[in-house]
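Reading the structure
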Amino acid sequence: MPLLEITPHPPNGFPVPQICDPVTDSLDEMLLTAWMNKPGPKAWVRPWRAKFKHNVEATWSKIRTLIQHVVGKDTSTNLIISTPQQDNTFTTECNPPPWHFLILGLSQEATTFLVNLQVISTPEIMVFMLPFIQPTPTFLCTLENFTLPDSPESNTIVTNIVKHAIQSDDLIPDFIRGLDPNPDMLPTLINLIHITSIHIASNVTRKHTLWNVYCSYTPTFLTLEKHFLWCCLICNLHFCSKDHGMGIVHLGKKQFRCMGCKSLDHPTGLCPFPVILGWLGPKPQLVASLPAQLTSTPKPTRGCSSTRGGRGAPCGRPSRGGPCH
Ligand SMILES: [Zn+2]
């Protein structure tokens, strides 16, 4: 078997695309049940710029060859890459789900090995690996409208505004206490709220800053479903400040949605993956052909950790079908 060129694992790991929709979103119900009932170790694989289509034989073949290469022919004798089928929901989304293929038939060791790779980038195909139990994202929402420049100091100010908004809320303490009676849980969560900023061009002459809100701690009780409720409560807060205006949540059609990695905390033009050292997927230059709004200078240090909002997501999270940013 020829040697395979793969992007090396960055020292601090790959950015984590924050997939906020269930990975089974738009998956045919009967197929979903059948997949759930399949025995043995399972994992998900999603190609870069995933888009559901009926004719996926070429993609499927590349994924299969890739996995065989990575885990070895002998280990992958029983490998099955199950192809997703879409339910009958009408969608106008330009890159409709389901996006994830199911990996079956490998040993637990080989399955865990694949999942731990996070990302496999080769000149032929680039894929994201996910455990079968979908990880809960850390991204909560994006805020805008604060009268602040793009700076670390501003991020600290916004962090404090968000923390204060959570502390002042009536519903959130009950919500968290209902999931975990430990009185230290909410202070712990609040303490781990952090902010990253992104600076984007809203038109040719104007740029503006937005702030992504994350909570880096995901207790086990924050399943994907509970996480959506937690996000919903956060999105309904009043992000008031004495000096910097009032932040509002960047929702609906304005919600970012990266076409490449599917993360919700950045537009496609700011995707951190194409600027990774040794990246073998589509080069950043291809991004330059996108509209001006999407072509802000990529900032690889900005966190790529977010949540999608779509079907199944709460509180005015965007319905798919809007513009693909
Ligand atoms: Zn991205």
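Before reading on, note that the structure itself is shown above.
Everything numeric in this text was worked out from a predicted model, so none of it was measured.

**A look at the packing of helix H5 (residues 171-179) against helix H7 (residues 224-235)**
Helices that pack against each other are described as a pair by the angle of their axes relative to one another and the distance between those axes. Look at H5 against H7: their axes get within 10 Å of each other, and the N-to-C directions meet at 165°. Between H5 and H7, the crossing angle belongs to the class labelled roughly antiparallel. In the packing of H5 onto H7, the handedness of the crossing is left-handed. Contacts from Leu171, Ile172, Phe175, Ile176 and Leu179 in H5 reach Lys226, Leu229, Trp230, Leu233 and Ile234 in H7. Residue classes in the contact of H5 with H7 are distributed as nine nonpolar, no polar and one charged.

**Quick word on the coordination of the zinc ion**
Protein coordination of the zinc ion is provided by Cys258 (SG), Cys261 (SG), His266 (NE2) and Cys271 (SG), with donor distances spanning 2.1 to 2.4 Å. Coordination geometry of the zinc ion: the four donor atoms subtend angles of 102 to 116° at the metal centre, consistent with an arrangement described as tetrahedral. Ordering the donors of the zinc ion by residue number gives the pattern C-x2-C-x4-H-x4-C. The residues histidine 266 and cysteine 271 share a single accessibility class, namely buried.

**A few points about the pattern of salt bridges**
Applying the stated rule across the entire model yields two salt bridges. Residues lysine 254 and glutamate 144 are paired through a salt bridge, measuring 2.5 Å at the closest nitrogen-oxygen approach. With lysine 254 in the loop between strand E10 (246-249) and helix H8 (284-287) and glutamate 144 in strand E6 (residues 139-144), this pair connects stretches of sequence that are 110 residues apart. In this structure, arginine 177 and aspartate 174 form a salt bridge, with 3.0 Å as the shortest nitrogen-oxygen distance. Here arginine 177 pairs with aspartate 174, and both are found in helix H5, just three residues apart, close to one helical turn. Judged by its relative accessible area of 48%, aspartate 174 is partly exposed.

**Quick notes on the environment of cysteine 235**
For cysteine 235, the position within the fold is in helix H7. By relative accessible area, cysteine 235 is classed as buried at 11%. Sequence separation between cysteine 235 and cysteine 141 is 94 residues, and the spatial gap between their C-alpha atoms is 6.8 Å. Setting aside residues up to four positions removed in sequence, cysteine 235 forms contacts with Leu140, Cys141 and Val249.

**What to know about the environment of leucine 117**
Checked against the element boundaries, leucine 117 lands in helix H3 (residues 108-117). Each C-alpha atom of the pair leucine 117 and valine 70 lies 10.0 Å from the other, and the pair is 47 residues apart in sequence. Contact partners of leucine 117, with chain neighbours within four places excluded, come to His9, Phe14 and Val70.

**Concerning the nonpolar core**
Leu143, Val162, Ile166, Ile172, Trp230, Ile234 and Phe239 are the most contacted members of the largest nonpolar core, which has 32 residues in total. Each residue touching leucine 143, except ones within four places of it in the same chain, is listed here: Val158, Val162, Leu210, Trp211, Val213, Phe239, Ile248 and Val249. Judged by nonpolar contacts, the second largest core, of 21 residues, contains Leu31, Trp35, Val119 and Trp279.

**With respect to the sheet that holds E10**
Reading across from one edge, E7-E8-E6-E10-E9 is the order of the five strands in this open sheet, with antiparallel pairing throughout. Strands at the two margins of the open sheet, each flanked by one partner only, are strand E7 (193-201) and strand E9 (239-240). Pairing geometry for E7 and strand E8 (residues 207-215), over nine bridges, is antiparallel. Within E8, the position partnered with isoleucine 195 by the bridge is valine 213. Lying over the sheet, helix H4 (residues 152-167) contacts E6, E7, E8 and E9, oriented at roughly 125° with respect to E7. With respect to the sheet, H7 is in contact with E6, E9 and E10, its orientation differing from that of E6 by roughly 20°.

**Remarks on empty space enclosed by the protein**
Using the criterion set out here, one finds four cavities of 30 Å³ or more in the structure. The calculated volume of the second largest cavity comes to roughly 50 Å³. As for the second largest cavity, its lining consists of ten residues, and the residues nearest its centre are Pro22, Val23, Asp25, Pro97 and Trp99. Considered class by class, the residues forming the lining of the second largest cavity number six nonpolar, one polar and three charged.

Cut-offs applied
Residues numbered from 1 in each chain as written. Predicted model: local features only at pLDDT ≥ 70, side-chain atom pairs only at ≥ 80, totals over all residues. Heavy atoms only, no water. Axes fitted to C-alpha atoms, helices over the stretch in contact; angles between N-to-C directions. Helix = DSSP H or I, 4+ residues; strand = E, 2+ residues; numbered from the N terminus. Parallel < 35°, antiparallel > 145°, perpendicular 65-115°, else oblique. Left-handed = near helix turned anticlockwise from the far one by under 90°. Contact = heavy atoms within 4.5 Å. Nonpolar A, V, L, I, M, F, W, Y, C, P; charged D, E, K, R; others polar. Donors = N, O, S within 2.8 Å, 3.2 Å for Na, K, Ca; no water. Tetrahedral: all angles 85-135°; square planar, octahedral: opposite > 155°, others 65-115°. Buried < 20%, exposed > 50% of the residue type's maximum accessible area, 1.4 Å probe, protein only. Salt bridge = Lys/Arg side-chain N within 4 Å of Asp/Glu carboxyl O. Core = buried A, V, L, I, M, F, W, Y, C linked by side-chain atoms within 4.5 Å. Pairing = 2+ DSSP bridges. 1 Å grid on protein atoms, 1.4 Å probe; cavity = no way out; pocket = protein on both sides within 12 Å on 5 of 7 lines; lining within 4 Å. Points joined across faces, edges and corners; volume = space filled by probe spheres on them.

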